[in-house]
Amino acid sequence: MQQRLLKHGLASVAALFLLAACSTTQLTSVWRDSEYQGPPLEKIVVIGVSNEISARRVFEDEFSAALNQAGIQAIPGYRLLPEKPDRPVEQLRAAIAENQADGILVARTVRTERRTEYSPGSIMVMPAIGYPNFWGFYGAAAFVTEPKIYTYDVVTIETNLWSAKGGHVLWSALSETTDPSNVHRLTTSLSRLVIQALQEQNLIAAPNLRK
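Keep in mind the model is a prediction, meaning the values are calculated, not measured.

Explain the sheet that holds strand S7 (residues 148–163) residue by residue, including any values.
Taken in spatial order, the six strands make up an open sheet running S1-S8-S7-S4-S2-S3, and their pairing is mixed. Single-partner strands in this sheet number two, and they are strand S1 (25–32) and strand S3 (73–76). With direction set aside, neighbouring strand axes in the sheet form an average angle of 25 degrees. In the sheet, strand S4 (residues 103–119) pairs with S7 via 16 bridges, with the strands oriented antiparallel.

Now the structure itself:
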């Protein structure tokens, strides 16, 4: 009985730590064009699709910075057409060609889902053996956790890497970010996963393979 209560108590504590440590990102599905055998891309334009100009600029700046840190030349999309928030296709095409980019990375939010987790209450009873007197035992005899309901958001983002020359998709992935606190944290975790995946697929050069 005590062992069962102990397990319930530990499970409840684990649930608390799990939800407290949220704001994580994981890739849920990945696709690569198996026919593409070309060289790794060297210069990428980063575009975030959003109606919020400030959020879009933060995303493009942060993701571009992460690519540059990985040794890949990257340009935030808004710098190509800073005065055109709607980014007309032909003007964007001309700007990408003028900057001699060979890749375009585009990210957009597919959906935001509200999820709920329930953590049942529990009582963890400690055995009396090992306590020198009643007062010590009484003060630590049982640990009670109340039932709790946790509500959090999960943001699904689609990220595509396009060939600037051929105009087709080279790589595509869906990712889920749990309870993102802001655009900066979301971009930091997403860019880390995406860059690693692109390096593994030889779509951008890994640091140890770059001249």
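Okay, back to it.
An account of the side chain of Glu158 is needed here, citing residue identities and associated values.
Relative to the helices and strands, Glu158 resides in strand S7. One polar contact links Glu158 to Arg108, side chain to side chain, over a distance of 2.7 Å. Within the structure, the side chain of Glu158 is placed 3.5 Å from the side chain of Asn160, a separation counted as a polar contact. Once residues lying within four places of it in the same chain are set aside, the contact partners of Glu158 are Val106, Ala107, Arg108, Val110, Ser172, Ala173 and Leu174.

Outline the nonpolar core, supporting the account with residue identities and numerical values.
Core analysis: the biggest nonpolar cluster contains 27 residues, and Ile44, Phe63 and Leu67 have the highest contact counts within it. Broken down by secondary-structure element, the contributors of at least two residues to this core are strand S2 (43–49), helix H2 (53–69), S4, S7, strand S8 (169–178) and helix H5 (183–200). With six residues, H5 is the single largest residue contributor to this core. The residues touching Ile44, leaving out its near neighbours within four places in the chain, are Leu67, Ile72, Gln73, Ala74, Ile75, Gly103, Ile104, Leu105, Leu161 and Ile204. The next biggest cluster of nonpolar side chains, apart from the first, holds 11 residues, and it includes Ile75, Ile96, Ile104 and Val106.

Please provide a residue-by-residue account of the pairing of S4, values included.
Here S2 pairs with S4 via six bridges, running parallel. Its bridge partner being in S4, Val45 is matched across the sheet by Ile104.

Would you mind going over the pairing of S3 in detail, with residue names and values included?
As defined by bridge partners, S2 adjoins S3 across four bridges and the pair is classed as parallel. Across the sheet, residue Lys43 finds its bridge partner in S3, namely Gln73. In the classification by handedness, the crossover that spans S2, the intervening H2 and the parallel S3 is right-handed.

Kindly report on helix H3 (residues 89–98), identifying the contributing residues and their values.
Looking at H3, one finds that the buried residues are Leu92, Ala95 and Ile96. Around the axis of H3, the buried residues are gathered within 100 degrees of arc, so they sit on the same side. In this structure, H3 carries Glu90, Arg93, Ala97 and Glu98 as exposed residues pointing more than 90 degrees from its buried face. As for H3, its buried residues are in contact with S2 and S4. Positive backbone phi, at 55 degrees, marks Gln100, one or two positions downstream of H3.

Just give me the short version of the packing of aromatic side chains, but keep the residues and values in it.
What the rule picks out here adds up to one aromatic pair. Geometrically, the ring pair formed by Phe59 and Phe63 is tilted, given 5.5 Å between the ring centres and 50 degrees between the ring planes. Of this pair, Phe59 and Phe63 both sit in helix H2, four residues apart, which is roughly one turn of that helix. As far as the burial class goes, Phe59 and Phe63 line up, both buried.

Give a description of the environment of Thr187 that names residues and reports values.
Along the chain, Thr187 turns up in helix H5. Judged by relative accessible area, which is 1%, Thr187 ranks as buried. In the structure, Thr187 is positioned 126 residues away from Asp61 in sequence and 9.5 Å away in space, judged by C-alpha atoms. The contacts of Thr187, once residues within four sequence positions are left out, are Phe59, Glu62 and Phe63.

Can you tell me about the pattern of salt bridges, naming the residues and giving the values?
The full count for this structure, using the stated rule, is six salt bridges. For the salt bridge of Arg114 with Asp153, the shortest nitrogen-to-oxygen distance reads 2.4 Å. On the criterion of sequence distance, the pair formed by Arg114 in strand S4 and Asp153 in strand S7 is long-range, its members being 39 residues apart. On the basis of relative accessible area, Arg114 is assigned to the exposed category, the value being 56%. When salt bridges with common partners are traced through the structure, they connect Glu113, Arg115 and Glu176 into a single cluster.

Conventions and cut-offs
Residues numbered from 1 in each chain as written. Predicted model: local features only at pLDDT ≥ 70, side-chain atom pairs only at ≥ 80, totals over all residues. Heavy atoms only, no water. Pairing = 2+ DSSP bridges. Helix = DSSP H or I, 4+ residues; strand = E, 2+ residues; numbered from the N terminus. Axes fitted to C-alpha atoms, helices over the stretch in contact; angles between N-to-C directions. Polar contact = N/O pair within 3.5 Å; in protein donor to acceptor, adjacent residues only side chain to side chain. Contact = heavy atoms within 4.5 Å. Core = buried A, V, L, I, M, F, W, Y, C linked by side-chain atoms within 4.5 Å. Buried < 20%, exposed > 50% of the residue type's maximum accessible area, 1.4 Å probe, protein only. Right-handed = clockwise from strand over helix to strand, strands pointing away. Arc of directions from axis to C-beta. Phe/Tyr/Trp six-rings, centres within 6.5 Å; stacked < 30°, edge-to-face > 60°. Salt bridge = Lys/Arg side-chain N within 4 Å of Asp/Glu carboxyl O.

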